[in-house]
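# Overview (structure and organization)
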Amino acid sequence: MAAPVSTQTVDLAARFPGAVTAEARPGYAGFIVEKDKLVEVATAIRDEFGFDLLTTVTAVDYLPEDKMEVVYHAYKTTGGPGLVFRVQVPRADPIEVPSLIDVWPGVDLQEREAWDLMGIRFSGHPDLRRILMWEGYEGHPLRKDWQEPFYEEDVKPFKSRWPEGKHVMAEEKNPFRDNVKFLENFDPEKWIPENEEMLYSSLKRYTVQSEDGMSTDRIVINMGPQHPSTHGVFRAALTLEGETIVGLKPVVGYLHRNHEKIGERNTFIQNMPYTDRLDYFNSMSNNLGYAIAVEKLMKIPVAERAEYIRVIMVELSRIQNHFIFIGMLLNDLGAMYTPALYAFEERELILDIFEAVAGSRMMCNYLRFGGVVRDVPEDVMQKIKGLVFERLPAKTDEMDRLLSENEVLVARLKGVHVIDGETAIKYSVTGPVLRAAGVPYDIRRADPYSIYDRFEFDVAMRPNGDLFDNYIIRLDEIRQSLRILQQAVKQIPDGPINSQKPQYQVRVPAGEAYGRIESPKGELGYYVVSNGKPNPWRYHVRAPSFVNITCLEQMCIGTKIADFVALLGVLDIVMGELDR
Amino acid sequence: MDNERLSLPQYDIPEDIQNAVTITTLDRLYNWGRRSSVWPLMFGLACCAIEMIAAQASRYDMARFGMEVMRPTPRQADMMLVSGTVTKKMLPAIVRLYNQMPEPKYVVAMGACASGGGPFKEGYNVVAGIDKFLPVDVYIPGCPPTPQALIAGMIKLQEKIDKESIKKVRWYRKGPDTVEVPIPILGPDLIDPRRNQEIKAAAAQKATKESA
Ligand code: SF4
């Protein structure tokens, strides 16, 4: 189903002489665009060159060169390699870059994130507020000269822990004896807390006139951050007219755990267990994305057997994710617990496998650069075979029989519009939601990584883009994953499980890499910049949950509040990854 | 019925009426009732919440301990299971939820993050342990604690309830009947209103040090 991979090379520099130069730094690729021409060039990239899907926007602080850089990754939904382009600006406030929100509306939240954490103003962005931290917070944390209150040293391992091992509590070194810092002469009693005026005034933009002359009150309600249906600490501020949603703003950051700041202090290998905690349902896929990014930088091969093990683990992970998705969706729709209990039963069996190979049920920390950390023992392999040939196919059919023709469920799901393909692409939506809207874009096919080009499978696709398609596509994907698994367990060769020697510290040459995989939720990408030192200079996670909620507003306006829960449900967000 | 915990051992009740008659103290009866129906507040913070859900599901089944009734509203909950990383942005909401819970109320810190910041302690948006703000009854180590560990923690909580006496518990004493914790404020950084003076003094000291 995938379109032929395009071999046409893109020469932006020739198309825009003077405005675009090809990247010359070793280890880097792509083009540097002049700031003033950015919107024009971006429009051409989208319309002339056909890169319709802008997946990543992020910023890098090149402190030694006194530069800030905004990096964009664009792809074609028909497949093929991507295009990297970037803008460089001097590192002096105010740092301004034109917003691309008119070219790709999907950059909305990512630009807000870059403003929040890096302090880059995107001129032309209609609603540039902080997103992960709160309004009023002091400083832009991801800048290289910004230090957190518990700052110890620039890089790990900290000298206080190794080799001397004289650790003192971080609290004892901070003047406020806590994880806080304030400017001198700060007086907490005089502080006026922010009352989220900016949030609510951004909601006021939706004024609809009542046609029949009736004046109806428009009320603003907040769902979350503690709400049983928001899958964690997600909050949505909604404007309602009667029961119809007329405005919506997602409010996130309640689980912002500073992955990127911590990740830039960590050594490369130390980040592996942190990636587990991003999308905590799928630690195996998180590991894979990161491993691929760093392996690209290191230019090392992956051991043959390890490639198969990786595929097996990642596909098992996808299956349990989709099972849980179905259970949770039914929970949200009011079928409290019964389907979820079925789903958790299968998940436990898959987690048993993870525990047997990695030692932990959820936080596997299983992959290493060049391979995996432990081999799969023969008895575990037998268990996997039992699962993929017998138990899981039967259980998938059982789930299907149990739910797909249930009259109540079908009536509730069929015809409730989620999103159409064109809008989904504009808003950078990826994953099952995009495929349920009729766009067969799956990175495993569109831009194959690992050894996915060796397996026979179909890209699941459904044409209608309603709730029902979003539900049923998960079952389709489980079946395709099972197909991949059945081939993988048959073909897996013997041999070493890592192409490298086990090592504590890896050597990573300077350069940048963007590793992306098709995680169960969409495109999971890691943007890693190395400057040759033992820890990454920049470590950015392009989380599918985060980018997918950009279109939430678009999806929900005009629907009933009761559908909001289901619409949010099909996006399958996980807060650990959304907020990072 | 769990007669072992309810009956006092020193009374000999004839075997044939043991299922119908029990001699016990008011304390025991009171605690036996409470320990067997601890309703948790339905709220998950991070990765640990997933193991909490797994513990509710069929393989581990917390319903065996009377803890399956997750209440989404704090007004009906007995226990707050802080299941995951507490961030500064989330903290005001957590403290408010705690204040809204009626007595008797318990707090269980599940996992490394809730107990002390865990792997993310150094993060700028992370609170190094919920016990900086709320009184914690049980800490459960692990990242995440397995469902078995969670259940062990719940049993510890039951043991704690068993030891309480109706004469001494704080919610039957004079004065306000719940513990209220002042709600933290999101300023340039997290402000704990109980420590205003301390923060002011430290900030002033910082100023003199920097000008010197
Ligand atoms: S203790 Fe570990 S598993 Fe639990 S919330 Fe923290 S990081 Fe996640």
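Below: a short report on this structure. On a predicted model such as this, the values are computed, not experimentally measured, just so you know. Throughout this description, residue numbers start from 1 for each chain and increase along the sequence as written. Naming scheme: in the order in which they are written, chains are lettered from A and ligands are numbered from 1. Per-residue local features are limited, in this predicted model, to residues with pLDDT of at least 70; the limit for side-chain atom pairs, both in listing and counting, is 80 or more; totals at the level of whole chains, interfaces and linings are taken over all residues. Water and hydrogen atoms play no part in the side-chain values, which are based on all heavy atoms of the structure.

## Concerning the packing of helix α2 (residues 26–35) of chain B against helix α6 (residues 147–162) of chain B
Residues and elements named next belong to chain B. Between α2 and α6, whose axes approach to 9 Å, the crossing angle comes to 160°. Classed by the angle they form, the pair α2 and α6 counts as roughly antiparallel. As for the relative orientation of α2 and α6, their crossing is right-handed in sense. Along the contact surface, α2 presents Asn-31, Arg-34 and Arg-35, while α6 presents Gln-158, Ile-161 and Asp-162. Classes in brief: Ala, Val, Leu, Ile, Met, Phe, Trp, Tyr, Cys and Pro nonpolar; Asp, Glu, Lys and Arg charged; the others, Gly included, polar. Of the residues contributing to the contact of α2 with α6, the split by class is one nonpolar, two polar and three charged. Axis definition: a line fitted to C-alpha atoms, over the contacting stretch in the case of helices. Angles run 0 to 180 degrees between N-to-C directions. Put simply, DSSP marks the helices as runs of H or I at least four residues long and the strands as runs of E at least two long, and each gets a number from the N terminus on. Working definition: roughly parallel below 35 degrees, roughly antiparallel above 145 degrees, roughly perpendicular at 65 to 115 degrees, and oblique for all remaining angles. Handedness of a crossing follows from how the near helix is turned relative to the far one, being left-handed for an anticlockwise turn of less than a right angle and right-handed for a clockwise one. Should any heavy atoms of two residues lie within 4.5 Å, those residues are considered in contact.

## Re the pairing of strand β5 (residues 83–90) of chain A
All names here are of chain A. Each residue is placed in one exposure class: buried if its accessible area under a 1.4 Å probe, protein chains only, is under 20% of its type's maximum, exposed if it is over 50%, and partly exposed if it falls in between. Counting buried positions along β5 gives six out of eight residues, so the element sits mostly inside the fold. Across three bridges, the pairing between strand β2 (residues 31–33) and β5 is parallel. For Val-33, the partnering residue across the bridge sits in β5 and is Val-87. Note on pairing: DSSP must find at least two bridges between two strands before they are called paired. Of the pairings in the sheet, the one linking strand β4 (residues 67–75) to β5 comprises eight bridges and is antiparallel in character.

## Here we look at the interface of chain B and chain A
Each partner contributes residues to the interface: chain B has 56 residues there, and chain A has 65 residues. At the boundary of chain B with chain A, total buried surface from both sides reaches about 5600 Å², with 62% on carbon and sulfur atoms. Using a 1.4 Å probe, buried area is obtained as the accessible area two parts lose upon being combined, added over both of them. It is Lys-89, Glu-122 and Tyr-124 of chain B that lose the most area in chain B upon contact with chain A, and together they represent 16% of the buried surface on that side. Put simply, a salt bridge is a Lys or Arg side-chain nitrogen that is within 4 Å of an Asp or Glu carboxyl oxygen. Inspection of the chain B/chain A interface yields nine salt bridges. Across the pair Lys-121 of chain B and Glu-171 of chain A runs a salt bridge whose closest N-O atoms are separated by 3.0 Å. In the analysis that follows, any N or O atom pair within 3.5 Å is treated as a polar contact, provided that within protein one partner can donate a hydrogen and the other can accept it, and provided that, for residues neighboring in sequence, both atoms belong to side chains. At the junction of chain B and chain A, the tally comes to 25 residue pairs in polar contact (both at pLDDT 80 or more). Here the element with the most residues in the side of chain B that touches chain A is helix α7 (residues 196–211) of chain B; it accounts for 10 residues. Residue composition of the side of chain B that touches chain A, grouped by class: 34 nonpolar, 10 polar and 12 charged.

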